[in-house]
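Structural overview
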Amino acid sequence: MKTLRKAFFVVLGSLCLMLLPAAGNAQCVQCAPAPPDGFICVPSTSGGGGCTTPPGECRLISPCTPGGDRSSGSCAPRSLSNPLISVPDSMIREIGAADARLALAVRSVSTIKAEFTVARINYTSVEYTFDDVENQLTQPADSPYYKKLAERVKASFANGGGVVTYEVSIAEGKGDGSFTLSISPAVKGGAAVDIQLQRAALGGKNAPEGFKALSYQIR
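What you see is a predicted model; the values in this text were computed from it and never measured.

Remarks on the pairing of strand β7 (residues 163–172)
Pairing analysis gives seven bridges linking strand β6 (residues 118–124) to β7, with the strands arranged antiparallel. Looking at β7, one finds that A119 is bridged to V168. The sheet contact formed by β7 and strand β8 (residues 179–185) spans seven bridges and is antiparallel. Of the residues in β8, the one forming a bridge with E167 is S184. Counting the residues that bridge the hairpin from β7 to β8 gives six residues, and of these G175 lies at a positive phi of roughly 75 degrees.

This is how it looks when you write it as structure tokens:
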């Protein structure tokens, strides 16, 4: 897993969020900063299989082999009707009390409706607070909060703000059936979190199997 993740992210560089549909022989995707508004997803000969860009954020999931045929399933992540990982809002709030941006990364991962084992999430260097965590958990995308967030993103770029990146992985335990979701800053020094997961059918009895969060540890 570590080798795959390292190779994936060395190729990628800067990353993002909006899942691009798979098509036969379609190019891989990656994301790029697009001042003053945020990020954009762009075609690439290498990168990820899916990319999305909500306000101030950019998410890339699943490594895509250079020249890979997405129709064969080698690149395109499998779309799901529900998010792959279910994390309760209460847990996100608890993490947010320690580190707001880290909590937003957890929330972002918990909204991905696709299968993946590795991802990368970029943020503009906006200063986030617990109020941002609460608003992103409760406010719709067309709310005044997100309009104000867009202004903050523009101001960050205008003032020379950079990009803050988190690496994401889902790893299986050593033969015990457990799984761990790890989210950590690409640049050492910031807070990271490990979330213990359990297999679960999300969205109904016959729904595809995903994960639900059981506990977490900030490190």
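As for the packing of helix α2 (residues 89–98) against helix α3 (residues 100–109)
Close contact between α2 and α3 brings their axes to 6 Å; oriented N to C, the two are set at 155 degrees. Comparing their axes, α3 and α2 come out roughly antiparallel. Contacts between α2 and α3 involve I92, I95, G96 and A98 from the former and A100, L102, A103, V106 and R107 from the latter. When grouped by side-chain class, the residues that make up the contact of α2 with α3 number seven nonpolar, one polar and one charged.

Some details on the environment of N122
Mapped onto the fold, N122 is located in strand β6. Sequence spacing of N122 and A32 is 90 residues, and the spatial spacing of their C-alpha atoms is 9.5 Å. A distance of 2.7 Å separates the side chain of N122 from the side chain of T165, its partner in a polar contact.

Some remarks on the state of the cysteines
Counting across every chain of the model gives three disulfides. Sulfur-sulfur distance for the disulfide between C28 and C64 comes to 2.0 Å. Its S-S torsion of about -70 degrees marks the bond between C28 and C64 as left-handed, since a negative value means left-handed. A residue pair is termed long-range when its members are at least 10 positions apart, and C28 in strand β1 (residues 28–34) and C64 in strand β4 (residues 57–64) qualify at 36 residues. For C28, a relative accessible area of 1% gives the class buried. Two residues share a disulfide in this structure: C41 and C51, whose sulfurs sit 2.1 Å from each other. The sign of the -85 degrees torsion about the S-S bond sets the C41-C51 disulfide as left-handed. Pair noted here: C41 is in strand β2 (residues 38–44) and C51 is in strand β3 (residues 47–52), with a separation of ten residues, a long-range link. Overall, the relative accessible area of 22% leaves C41 in the partly exposed class.

Rules used throughout
- Residues numbered from 1 in each chain as written.
- Predicted model: local features only at pLDDT ≥ 70, side-chain atom pairs only at ≥ 80, totals over all residues.
- Heavy atoms only, no water.
- Pairing = 2+ DSSP bridges.
- Helix = DSSP H or I, 4+ residues; strand = E, 2+ residues; numbered from the N terminus.
- Axes fitted to C-alpha atoms, helices over the stretch in contact; angles between N-to-C directions.
- Parallel < 35°, antiparallel > 145°, perpendicular 65-115°, else oblique.
- Contact = heavy atoms within 4.5 Å.
- Nonpolar A, V, L, I, M, F, W, Y, C, P; charged D, E, K, R; others polar.
- Polar contact = N/O pair within 3.5 Å; in protein donor to acceptor, adjacent residues only side chain to side chain.
- Disulfide = S-S within 2.5 Å.
- Buried < 20%, exposed > 50% of the residue type's maximum accessible area, 1.4 Å probe, protein only.

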